[in-house]
Amino acid sequence: MSEIKCVIFTTDKKDFFALKDELPYKITNSFPFINAYGASVSLCEISKLKHNKLIRAVSSHTTVKTCSNNNNIYYPHQNPELTPYYEKNNFGQGISVAVIDTGICPHVDFLMPRNRLIFHDFIDRIKTPYDDNGHGTAVASIIASNGLTSSKKFQGIAPRANIIALKAISNNGEGGAFKILEAMQWIYQNRKKNNIRVVCMSFGAEAVTDGVDPLAEGASALWKAGITVIASAGNSGSGEKTITSPGISNDIITVGGACRNDKGENHPCEFSSRGPVGKFTKPDIIAHAKNIATLDCKGDCSFQTGTSMSAPIVASACVLMLQKNPKLTPNRVKELLLINAKSLPYSKNEVGHGLLSLDFIEDI
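The written sequence of each chain sets the order in which its residues are numbered from 1. At least 70 in pLDDT is required for a residue's local features to be given in this predicted model, at least 80 for side-chain atom pairs to be given and counted, and no such filter applies to totals for whole chains, interfaces and linings, which use all residues. Calculated side-chain values reflect all of the structure's heavy atoms, with hydrogen atoms and water omitted.

A.B. asks: I'd like a description of the nonpolar core, backed by residues and values.
C.D. replies: In terms of nonpolar packing, the biggest core is built from 85 residues, with Ile100, Ile163, Ile187, Val199, Val314 and Leu337 touching the most fellow members. In this description a helix means any DSSP run of H or I spanning at least four residues, a strand means any run of E spanning at least two, and both kinds are numbered starting from the N terminus. The element contributing the most residues to this core is helix H7 (residues 307-324), with 11 residues. By definition in these notes, contact holds between two residues if any of their heavy atoms fall within 4.5 Å. The residues contacting Ile187, other than those within four sequence positions of it, are Ala98, Ile100, Leu166, Ile196, Val199, Leu222 and Ile227. Core analysis: the second largest hydrophobic core is formed by 12 residues, Cys6, Ile46, Leu54 and Val58 among them. For the purposes of this section, nonpolar cores are sets of buried Ala, Val, Leu, Ile, Met, Phe, Trp, Tyr and Cys residues that join through side-chain atoms within 4.5 Å. To sort residues, take the accessible area from a 1.4 Å probe on protein chains only and compare it with the maximum for the residue type: under 20% means buried, over 50% means exposed, and anything in between is partly exposed.

Shown next, in the form of C-alpha cells:
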C-alpha cells in the first residue's frame, strides 16, 4: 500500500512522548521542539490519525526551493543604508547566525584570521564544510565574509559574526520539510551553547493551507525561544497571496525584494512575493535583492538576484542591532526594524513597512 510523508503534531509535550509507542506507522523523525513527528503513513490511515485525541494536526511533507537566480548580469553591489556601520566598529562580533541552506564552502573569508564557522550536514552527514550548490555560500557571504579574498572590496555586512552553516538543502537547490525541521531542531537544542541569536532561511515552500504548516510552526517555535528568525518572502511574482513558507509565519520577519529603477528609485521587485497571509500583511520589510555581490565556491565574486539575497541583508542588520544591544528580544528587533524602515508609495502587501534602514542603530 502506498505511503506518504507527513508531519504529525501532538496536542502537547506530554502527548508527544506518549504517542510514539502508540503510532503503528513508520516514524522517521522526531521534532520535540514543536511536539511533532515525521512519519510515512498509508493514505487510508490519514483520516484515523486526524480523529486521534492526542493529535492536534496532520500536515503534508512539503518541498523547499532556494529563492535566488544568478542572472549573470554584473553590477557593483551597493547598499548605502548599511555601509556607514563599518566605520562605527559594529561588525557583528560575538553574534552567531544560523544559515539553513545548501552548506558552505570553507573560504578564507570565514576561516581567517579566526575560524568563525561551524558546520553540520543533515543531507549526507559529512563532517567537513562543503557546498555542492553554492547558494548557502552566497547567503553566508552577504552576512559575514570579511573580504580577505578581495582585499575587502566585497565584504559582508557583519564581517565578524559567526556562521552556523546547516546543510539541509541538496545540490539541486531543493530540500524536504523533514530535513529543514531537523536543522531547526538542532538550532533549538544548541542555541545557548553557540549563542545563536539569528536564523536566516533563504528558501520557500508552497504554504500548507489545509492545516498546520510545519515550517511556519518551526520558525515560530525558534522565535518564541528567543531567536530572531528571518525568511525570504519568495520569488513567486507580483500576484496576491504568494508568500512562501516559512515566511507565512506572523511571528518572524519576512523579507521581500527591493529593486531600483533607472532613476535610482526603490520599488518592489516584480519577482518578489506579495501578501496578504490570512488576515496579516506580508512581507514585513523589503531589502535590496537584485545583483547582490556574493562569494562563490571558487572564491570569486558573483552577483545574484532574488529574495534569497534580501533576507541575509536583513539578517545582518539584526546582527548589528544585537551586537549593539544584546538584550534586544526578537519582538523588539522586529519592532525597531519596521518602525524605522523607509516608507515607500506602495501597499504593505508589496513592501511591508518599507525599505530596510539602520539610521537608528546608534540610539538603541
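The structure having been displayed, the exposition proceeds.
A.B. asks: Describe the pattern of salt bridges, naming the residues involved and giving the relevant values.
C.D. replies: One side chain can pair with another of opposite charge once the charged atoms of both are near each other. For this analysis, a salt bridge means a side-chain nitrogen from Lys or Arg found within 4 Å of a carboxyl oxygen belonging to Asp or Glu. Counting across every chain of the model gives eight salt bridges. Ionic contacts of the salt-bridge type, sharing partners, join the residues Arg125, Lys179 and Glu182 into one network.

A.B. asks: Before we move on, can you summarise the packing of helix H4 (residues 135-144) against H7 with the specific residues and values?
C.D. replies: Here, axes are lines fitted to C-alpha atoms. For helices the fit covers the stretch in contact, and angles between N-to-C directions go from 0 to 180 degrees. It is at 8 Å that the axes of H4 and H7 come closest, and there the two elements cross at 35°. For the crossing formed where H4 meets H7, the hand is right-handed. Where H4 approaches H7, its residues His135, Val139, Ile142 and Ile143 are matched on the opposing element by Ser308, Met309, Pro312, Ile313, Ala315 and Ser316. Amino acids are sorted into nonpolar (Ala, Val, Leu, Ile, Met, Phe, Trp, Tyr, Cys and Pro), charged (Asp, Glu, Lys and Arg) and polar (every other residue, Gly among them). Considered class by class, the residues forming the contact of H4 with H7 number seven nonpolar, three polar and no charged. By convention the crossing between two helices is left-handed if the near helix lies anticlockwise of the far one by an angle smaller than a right angle, and right-handed if it lies clockwise.

A.B. asks: Before we move on, can you summarise the state of the cysteines with the specific residues and values?
C.D. replies: Note on terminology: pairs of cysteine sulfur atoms within 2.5 Å are recorded as disulfides. For the structure on display, the rule yields two disulfides. Between the sulfur atoms of Cys105 and its disulfide mate Cys297 the distance is 2.1 Å. Residues Cys105 and Cys297 share a disulfide whose torsion about the S-S bond is about 90°; that sign makes it right-handed. Taken as a pair, Cys105 in the loop between strand E6 (96-101) and helix H3 (108-111) and Cys297 in the loop between strand E16 (292-295) and strand E17 (301-304) lie far apart in primary sequence, 192 residues in all. Residue class for Cys297 comes out partly exposed when judged on its relative accessible area of 35%. With a sulfur-sulfur separation of 2.1 Å, Cys259 is cross-linked through a disulfide to Cys269. A torsion of 105° about the S-S bond marks the disulfide between Cys259 and Cys269 as right-handed. In this pair, Cys259 sits in strand E13 (residues 253-260) while Cys269 sits in the loop between strand E14 (266-268) and strand E15 (285-288), placing the two residues 10 residues apart along the sequence.

A.B. asks: Just give me the short version of the environment of Val64, but keep the residues and values in it.
C.D. replies: For Val64, the position within the fold is in strand E5 (residues 63-66). For Val64, a relative accessible area of 0% translates into the label buried. Ignoring sequence-local partners within four residues, the contact set of Val64 consists of Ile169, Gly173, Glu174, Gly175, Ile180, Phe203, Gly204, Ala205 and Leu215.

A.B. asks: Break down the environment of Tyr37 for me, with residues and values.
C.D. replies: Its location among the elements puts Tyr37 in strand E3 (residues 36-42). Tyr37 gets classed as buried once you look at its relative accessible area, which sits at 1%. Each C-alpha atom of the pair Tyr37 and Thr10 lies 8.3 Å from the other, and the pair is 27 residues apart in sequence. At 2.5 Å, the side chain of Tyr37 and the backbone oxygen of Phe16 are in polar contact. Whenever two N or O atoms come within 3.5 Å, that pair is a polar contact, provided that in protein one can donate a hydrogen and the other can accept it, and provided that, for residues adjacent in sequence, both atoms are side-chain atoms.

A.B. asks: Give a detailed account of the sheet that holds E5, specifying residues and quantitative values.
C.D. replies: Hydrogen bonds between backbone atoms are what pair the strands of a sheet, whose relative direction is either parallel or antiparallel. Strand order in the open sheet formed by three strands is E9-E5-E11, with antiparallel pairing between adjacent strands. Looking at which strands have only one partner, the edges of the open sheet turn out to be strand E9 (174-176) and strand E11 (203-205). Here the strands of the sheet are splayed against their neighbours by 30° on average, with no regard to which way each runs. Should DSSP find at least two bridges between two strands, the strands are regarded as paired. Note that E5 and E9 share three bridges and pair antiparallel. Looking across to E9, one finds that Lys65 is bridged to Glu174.

A.B. asks: Explain the sheet that holds E3 residue by residue, including any values.
C.D. replies: One open sheet holds the four strands; their spatial order is E2-E3-E1-E4, and the pairing between them is antiparallel. Where the open sheet ends on each side, the last strands, each with one partner, are strand E2 (26-31) and strand E4 (55-60). On average, each strand axis in the sheet is tilted by 30° relative to the strand beside it, whichever way the strands run. Two strands pair when backbone bridges link them, and strand E1 (residues 3-10) and E3 are joined in this way by seven bridges, in the antiparallel orientation. Pairing of Glu3 across the sheet is with Ser42, part of E3. Helix H2 (residues 43-50) contacts E1, E3 and E4 of the sheet and is inclined by roughly 140° relative to E3. On the sheet, helix H5 (residues 177-190) packs against E1, E2 and E3 and is oriented at approximately 35° with respect to E2.

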